[in-house]
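These are the residues of each chain, in order.
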Amino acid sequence: MITFYTENPKSLLAAFNAAIALGSGKGSITTWDIIDGDYTHAADQWNRQAYFEAVISPGILQFGIVRNQANPVSIEVYAYYHGHLIETFLRHFDQMFDTVTSTALALQPDRVT
């Protein structure tokens, strides 16, 4: 699970969605796709290996990782997805949150098996 601590979690998620929707324009994010409201890495090797579901609470935007239908989430996929989502937010939205944390192991709302 990844947790972003922010004054406005809805705006942070909206900015992420908008940057993905830009495609290849300035400020766009091309490394993530939105499929049925969930987020998956766009690179061929990692695409649809897992998904992130966003959960908004007061002051918090969380992403829980969810397995694809075929396979449980391996530690390699868990680590890659977490590292790259945090990197994306640091590169694009560093002014929109104060702190980010990631769990080393799956916790609710993660669904890996």
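That block above? That's the structure.
Let me sum up the structure you'll find in this document. (Residues numbered from 1 in each chain as written. Predicted model: local features only at pLDDT ≥ 70, side-chain atom pairs only at ≥ 80, totals over all residues. Heavy atoms only, no water.)

**Some details on the overall build of the chain**
- From N to C terminus, the chain includes two helices and six strands.
- When its helices and strands are written in sequence order, the chain yields β-α-β-β-β-β-α-β.
- For 113 residues, the compact-globule formula gives about 13 Å, and the C-alpha radius of gyration of the chain, at 13 Å, lands near that figure.
- With the principal axes as the frame, the chain shows a C-alpha extent of 35 × 30 × 20 Å.
- Looking at the 113 residues of the chain, the share that counts as buried comes to 39%.
- Restricting to contacts in the chain with at least 6 residues of sequence separation, those with at least 24 account for 59%.
- Here the chain has roughly 6,300 Å² of accessible surface; of this, 51% comes from carbon and sulfur atoms. (Helix = DSSP H or I, 4+ residues; strand = E, 2+ residues; numbered from the N terminus. Rg over C-alpha atoms; globule rule 2.2 N^0.38 Å. Buried < 20%, exposed > 50% of the residue type's maximum accessible area, 1.4 Å probe, protein only. Contact = heavy atoms within 4.5 Å. Areas by Shrake-Rupley, 256 points an atom, 1.4 Å probe, with all protein chains shown as cover.)

**Section: the packing of aromatic side chains**
- Across all of its chains, the model carries 15 aromatic pairs by this definition.
- Taken together, a centroid distance of 5.7 Å and an interplanar angle of 65 degrees make the contact between Phe 63 and Phe 89 edge-to-face. With a gap of 26 residues between them, Phe 63 in strand β5 (residues 60-67) and Phe 89 in helix α2 (residues 75-93) connect regions that are remote in the sequence. Comparing Phe 63 with Phe 89 shows no difference in burial state: the two are buried.
- Here a set of aromatic residues connected by ring pairs shows up, and it is made of Phe 4, Phe 16, Trp 32, Tyr 39, Phe 52, Phe 63, Tyr 81, Phe 89, Phe 93 and Phe 97. (Phe/Tyr/Trp six-rings, centres within 6.5 Å; stacked < 30°, edge-to-face > 60°.)

**Description of the pairing of strand β4 (residues 50-57)**
- As paired elements, β4 and β5 share eight bridges and run antiparallel to each other. Paired with Val 55 across the two strands is Gln 62, which belongs to β5.
- In sequence, β4 turns back onto β5 through a hairpin of two residues, with Gly 59 there showing a positive phi of about 75 degrees. (Pairing = 2+ DSSP bridges.)

**Concerning the nonpolar core**
- One finds Phe 16, Trp 32, Phe 52, Phe 63 and Phe 89 to be the most contacted residues of the largest nonpolar core, which totals 25 residues.
- At the level of elements, β1 (2-5), α1 (9-21), β4, β5 and α2 are the ones that each hand at least two residues to this core.
- Among the elements that make up this core, the one with the highest residue count is α2 (seven residues).
- For Phe 52, the contacting residues outside a window of four places in its chain are Ile 2, Trp 32, Asp 38, Tyr 39, Phe 63, Gly 64, Ile 65, Tyr 81, His 82 and Leu 85. (Core = buried A, V, L, I, M, F, W, Y, C linked by side-chain atoms within 4.5 Å.)

**Brief notes about the environment of Ala 19**
- With respect to the helices and strands, the residue Ala 19 is situated in helix α1.
- Take Ala 19: its relative accessible area is 5%, and that puts it in the buried class.
- When the C-alpha atoms of Ala 19 and Thr 30 are compared, they prove to be 8.3 Å apart, with 11 residues separating the residues in sequence.
- Once you skip the residues sitting within four places of it in the chain, Ala 19 turns out to touch Gly 27, Ser 28, Ile 29 and Phe 93.

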